[in-house]
Amino acid sequence: EVMNLLRIAMLRALAHSCGVTELAVKKDGFTMLLLAGADINVDAIPEIIARERGKLKLLRGPMPRFIYSDEHSVHVDAGFMLSKAEELLNAIRKA
């Protein structure tokens, strides 16, 4: 459990460095709230979304957010979604 807490803390730090102000992870998905005007490469977003084959969406507006939903897979805990969130954050950071 201590390792999970450490992993979450590191993930939140990564999220903050990518302009993500809020990260909520569940067993079937996650939501990332973006800072309005976050310094990210918006040209890379369509490719990042396409890689997830319909599971990842970007909602635009005054509070833009990424929503990842994997309703067809059953996960015992949120560990898989933590990994997917980390993968997305790394893709955003590298873009």
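All values reported here derive from a predicted model rather than from experimental measurement.

Q: So what exactly am I meant to see when it comes to the pattern of salt bridges here?
A: Between side chains of opposite charge, pairing is possible as soon as their charged atoms come close. Counted by the stated rule, this structure contains four salt bridges. With a closest N to O distance of 3.7 Å, Glu47 and Arg51 form a salt bridge. Placement of both Glu47 and Arg51 in helix H2 (residues 45-51) is noted, with a separation of four residues, approximately one turn of the helix. In terms of burial, Glu47 and Arg51 fall into one category: exposed. Lys55 is paired through a salt bridge with Asp70; the nearest N and O atoms lie 3.7 Å apart. You can see Lys55 sitting in the loop between H2 and strand E3 (56-59) and its partner Asp70 sitting in the loop between strand E4 (65-69) and helix H3 (79-94), a full 15 residues away along the chain. By relative accessible area, Asp70 is classed as buried at 4%. Residues participating in the shared-partner salt-bridge network are Glu52, Lys84 and Glu87.

Q: How do you make sense of the packing of aromatic side chains when you look at a structure like this?
A: The way to describe two aromatic rings as a pair is by their centre distance and the angle between their planes. Inspection of the entire model under this criterion finds one aromatic pair. Relative to Tyr68, the ring of Phe30 has its centre 5.1 Å away and its plane inclined at 5°; by these criteria the two rings are stacked. Of the two residues, Phe30 sits in strand E2 (residues 29-34) while Tyr68 sits in strand E4, which places them 38 residues apart along the sequence. Residue Phe30 is classed as buried on the basis of its relative accessible area, which comes to 3%. With relative accessibility at 3%, the residue Tyr68 sits in the buried group.

Definitions and limits used
- Residues numbered from 1 in each chain as written.
- Predicted model: local features only at pLDDT ≥ 70, side-chain atom pairs only at ≥ 80, totals over all residues.
- Heavy atoms only, no water.
- Salt bridge = Lys/Arg side-chain N within 4 Å of Asp/Glu carboxyl O.
- Helix = DSSP H or I, 4+ residues; strand = E, 2+ residues; numbered from the N terminus.
- Buried < 20%, exposed > 50% of the residue type's maximum accessible area, 1.4 Å probe, protein only.
- Phe/Tyr/Trp six-rings, centres within 6.5 Å; stacked < 30°, edge-to-face > 60°.

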